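# Architecture at a glance
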Amino acid sequence: MKFYNKDNRFKLLLTMILASVLMHSCYKERLGLDKISGGTWNPTLAAPIFYGDLNMSKLVEANDENWKEYPDGLLSLVYRGDTISDLADQIINFPDQSNDTTLAFVLPPNLFPGNSHSQIFLIESKFVTNSNERLDSILIKSGTLTIEITTNLNHNSSVDIIIPAMTEYGNTGQTFFEKVIIPYTGGTSTTVTKTFQLKDYFLVINKNGSNSNIVEEYIKVFVEKGNGSDNSPYTVSVKQTMSSVTYFQAFGYFNQHTLNISESSIAIGIFDNLHYSEIIVEEPILKMVFRNTYGLPMDMNFSKLYVEKEGVQKDILSSLLPTIPLNYPDFSNVGGYDTTNVTFTSTNSNIVDVVNFNPQKLVYEGTVLSNPTAAILPNFLLDTSGVNVSLELEIPLYGRALEFTLEDTTAVDFSEMFAWDDIESIDLNINTLNYFPMEAILQLYLADSNGVVYDSIFDSQDKLLEAATPGPPPDYRTSIPIHQMITVKMSNSKLDNLKNAEKMIISTTATTYDQGSKVVKIYSDYKISVELSAKGNYTKDY
């Protein structure tokens, strides 16, 4: 069982071993070998190189975003993905509104010049929606109201536009009121156009359960009689256009819409660079968290939910699928969210089979349907409303591996790292104390620039680590570490091949305790104590 794809503890151990071999090149200078002159000297030098512990706790601490530790110290690897649905302002928006009204205006008989007369008209306009939504109210984020007035009045006049249902949002609460001045300059008609910005206006459309989407407004026509004749009846044409309206908040019933959850994938790194006969994980868990800021009922449907390995897919099956009803915030939580938590376990899904497929990634895609039952309920939304989908695949370090091989290739250049003519051989002693219920064999392959292997560092397949014995269930905790000591001799031919190597392939073959036949658990306090020492044989001519 491999426990972390980037900082795998075997890689750490191998790196230390390799580093210890490289470090021996500084011994000659440190011990003053370059100061000896005269004759031929064949010293045998032994020196400690490294002593330390490879701790799971340190590995977890360095990469805590991928680890979960339970109170008893049991570790799990966690792989997360996060995506969000279409936002409300991408799905629910409103078309431009237009209303043309022609009013008839009559001056009273015998009205003297300098006197005035006014008349108030009530008009109604329908607020049109794209998908037959019922819009009760809207807090406008941006929008423009353009008013164009054309009249044949031959006297100075003005037109007041009053929309009682549209008020400034905030402390003032002032009703929308705008005056358009129409001076008479001669001619048969006069046209005046004014534009007003609607940001931060709150427009109430339907009240008391109405679903008409009707907006009422008052138009007051005021005329100051001049010296011209009374040509009553006059006409006042009012053309209003509300364009490019966006919203901060909207309330009503917004019908059914489909929101997309675009395809996303989560890389599952635990199985990277591995060759294995079988890895069996106990009790994996897939968690889903849906964070919904839409104030309306929604159903989540997955069109894709599977894992993949080398192009082969395996579907995640569950009694909880395919439709997941989502919780949503109520009117006491406008601007907030509600969450829905779904957990796939061995009791309600095939998640155990899915993880033991040893996949490389998890893929998901789907849609969210608003108001899925079509029941007309009060809805609300914000322009930023969305459904955030978070997936978390938890793979506990609890299971068994019959055999697996971890391989990695790295470019190397040892050509100038050593005084090659002075080295006859090196004996590398590797002394380990292992608390893990795992055993491992190490090999380092030397290769050319094309990756063609021509030699290996180790001649035998000695175990680098002997497995510690796990305790009884349910903890399976080891208590007594296992000691192992091996010696690797690097002769002239090995050193020559090391000098010419351009790539090194690190290969570790391992199994869990008792050749993978027993279940094990990995805890945060497990460690490998490592002591490395080297005995170098040098030749110095003068």
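Residues numbered from 1 in each chain as written. Predicted model: local features only at pLDDT ≥ 70, side-chain atom pairs only at ≥ 80, totals over all residues. Heavy atoms only, no water.

## Some words on the overall build of the protein
Helices and strands together make up the secondary structure of the protein, namely 7 helices and 33 strands. The long-range share in the protein, meaning contacts at least 24 apart out of those at least 6 apart in sequence, stands at 86%. Total accessible area on the protein is roughly 25,200 Å²; 48% of this is exposed by carbon and sulfur atoms. (Helix = DSSP H or I, 4+ residues; strand = E, 2+ residues; numbered from the N terminus. Contact = heavy atoms within 4.5 Å. Areas by Shrake-Rupley, 256 points an atom, 1.4 Å probe, with all protein chains shown as cover.)

## Quick notes on the pairing of strand 17 (residues 298–309)
Pairing analysis gives 4 bridges linking strand 17 to strand 19 (residues 323–326), with the strands arranged antiparallel. Note that in strand 19 the partner of Asn 301 across the bridge is Thr 323. Across 10 bridges, the pairing between strand 17 and strand 21 (residues 361–370) is antiparallel. Note on strand 21: the bridge partner recorded for Tyr 306 is Val 363. A loop of 2 residues connects strand 17 with strand 18 (residues 312–315), the two strands running antiparallel in sequence, and Glu 310 in this loop sits at a positive phi of about 50°. (Pairing = 2+ DSSP bridges.)

## Looking at the nonpolar core
With 117 residues, the main nonpolar core has Met 288 and Leu 362 as its most contacted residues. In terms of residue count, strand 13 (residues 234–253) provides more of this core than any other element does, 7 residues in total. If sequence neighbours within four positions are ignored, Met 288 has contacts with Phe 302, Leu 305, Ile 324, Thr 340, Asn 341, Val 342, Phe 344, Ser 390 and Leu 391. (Core = buried A, V, L, I, M, F, W, Y, C linked by side-chain atoms within 4.5 Å. Buried < 20%, exposed > 50% of the residue type's maximum accessible area, 1.4 Å probe, protein only.)

## Focus: the confidence of the model for the protein
The predicted model of the protein averages 83 in pLDDT, with 83% of residues at 70 or higher. Of all helices and strands in the protein, the one with the weakest mean pLDDT is helix 2 (residues 27–30) (34), whereas strand 20 (residues 338–344) scores best (98). Across residues 1–42 the pLDDT falls below 50, and counting only partners more than four positions away or on other chains, this stretch makes 118 contacts in the model. (pLDDT = per-residue confidence, 0-100.)

## Side note on empty space enclosed by the protein
Scanning the model with the defined rule gives 4 cavities of 30 Å³ or more in all. In this model, the largest cavity occupies a volume close to 200 Å³. Every residue lining the largest cavity is counted, 14 residues in all, and those nearest its centre are Gln 97, Ser 125, Val 215, Glu 217 and Met 242. Where the lining of the largest cavity is concerned, the elements lending two or more residues are strand 5 (97–105), strand 6 (116–126), strand 12 (214–224) and strand 13. (1 Å grid on protein atoms, 1.4 Å probe; cavity = no way out; pocket = protein on both sides within 12 Å on 5 of 7 lines; lining within 4 Å. Points joined across faces, edges and corners; volume = space filled by probe spheres on them.)

## What about the sheet that holds strand 3 (residues 67–69)?
Read across the open sheet, the 5 strands follow the order 3-4-23-16-20; overall the sheet is antiparallel. Every interior strand has two partners, whereas the edge strands, strand 3 and strand 20, have only one. Taking each pair of neighbouring strands and ignoring which way they run, the sheet shows an average axis angle of 25°. The pairing of strand 4 (residues 75–84) with strand 23 (residues 387–396) spans 9 bridges and is classified as antiparallel. Across the sheet, Thr 83 pairs through a bridge with Val 389, a residue of strand 23. (Axes fitted to C-alpha atoms, helices over the stretch in contact; angles between N-to-C directions.)

## Overview of helix 6 (residues 492–500)
The periodicity of an α-helix, 3.6 residues per turn, causes residues three or four places apart in sequence to face the same way. Among all positions in helix 6, only Lys 494, Leu 495 and Leu 498 are buried. Buried residues of helix 6, seen end-on, are gathered within an arc of 95° and therefore sit on one face of the element. (Arc of directions from axis to C-beta.)

## Quick word on the packing of aromatic side chains
Applying the stated criterion across every chain yields a total of 12 aromatic pairs. Residues Phe 176 and Phe 196 carry aromatic rings whose centres are separated by 6.1 Å and whose planes lie at 85° to one another, so their mutual orientation is edge-to-face. One end of the pair, Phe 176, is in strand 9 (residues 175–182); the other, Phe 196, is in strand 10 (residues 190–197), with 20 residues separating them in the sequence. Three or more aromatic residues joined by ring pairs make a cluster, and in this case those are Phe 94, Phe 127 and Tyr 247. Seen from the ring of Tyr 398, Lys 521 lies directly overhead, with NZ or CZ sitting 4.5 Å from the centre. (Phe/Tyr/Trp six-rings, centres within 6.5 Å; stacked < 30°, edge-to-face > 60°. Lys NZ or Arg CZ within 6 Å of the ring centre and 35° of its normal.)

## Thoughts on the layout of surface pockets
As a volume, the largest pocket reaches approximately 230 Å³. Taken together, Lys 126, Phe 127, Val 128, Thr 129, Asn 132, Glu 133, Arg 134, Asn 211, Asn 213, Tyr 253, Asn 255 and Ile 376 make up the lining of the largest pocket. Split into classes, the residues belonging to the lining of the largest pocket amount to 4 nonpolar, 5 polar and 3 charged. Considering only enclosed or pocket space, the second largest pocket measures out at about 170 Å³ in volume. Broken down by secondary-structure element, the contributors of at least two residues to the lining of the second largest pocket are strand 8 (156–168) and strand 12. The biggest single contributor to the lining of the second largest pocket is strand 12, with 3 residues. (Nonpolar A, V, L, I, M, F, W, Y, C, P; charged D, E, K, R; others polar.)

## Remarks on a nonpolar patch on the surface
Where nonpolar side chains cluster on the molecular surface, the patch consists of Ile 120, Leu 122 and Tyr 218 and spans about 290 Å² of accessible area. Looking at the secondary structure, you find Leu 122 in strand 6. (Patch = residues over 30% accessible without salt bridge, like charges linked within 9 Å, V, L, I, M, F, W, Y side chains within 5 Å. Salt bridge = Lys/Arg side-chain N within 4 Å of Asp/Glu carboxyl O.)

## Concerning the side chain of Thr 432
Its location among the elements puts Thr 432 in strand 25 (residues 423–434). The exposure class of Thr 432 is buried, given its relative accessible area of 1%. When neighbours within four sequence positions are excluded, Thr 432 is seen to be in contact with Leu 464, Leu 465, Ile 482, His 483, Gln 484, Ile 528 and Ser 529.

## Some details on the side chain of Gln 249
Examined against the element boundaries, Gln 249 turns out to sit in strand 13. If we ignore the near neighbours within four places in the chain, the residues touching Gln 249 are Ile 138, Leu 139, Val 334, Leu 381 and Leu 382.

## What about the environment of Pro 359?
With respect to the element layout, Pro 359 can be found in the loop between helix 5 (351–355) and strand 21. Note on Pro 359: relative accessible area 2%, which makes it buried. Considering only alpha carbons, one finds Pro 359 and Glu 308, 51 residues apart in sequence, at a separation of 5.3 Å.

## Some words on the pattern of salt bridges
Pairing is possible between side chains of opposite charge, provided their charged atoms come close. Under the definition given, this model contains 9 salt bridges. For Arg 134, the salt bridge is made with Asp 136, and the minimal N-O distance between the two is 2.9 Å. Of the two residues examined, Arg 134 and Asp 136, each falls in the buried class. A salt bridge links Lys 304 to Glu 365; the nearest nitrogen and oxygen atoms lie 3.3 Å apart. Linking Lys 304 in strand 17 with Glu 365 in strand 21, this pair joins segments that are 61 residues apart in sequence.

## Section: unusual backbone geometry
Glycine aside, a negative phi is what most residues show, and trans is what most peptide bonds show. Residues Ser 232 and Pro 233 are joined by a peptide bond in cis, for which omega reads 0°. By the element assignment, Pro 233 lies in the loop between strand 12 and strand 13. In the segment running from Pro 473 into Pro 474, the intervening peptide bond is cis, with an omega of 5°. Summarising the element assignment, Pro 474 is placed in the loop between strand 28 (463–465) and strand 29 (482–490).

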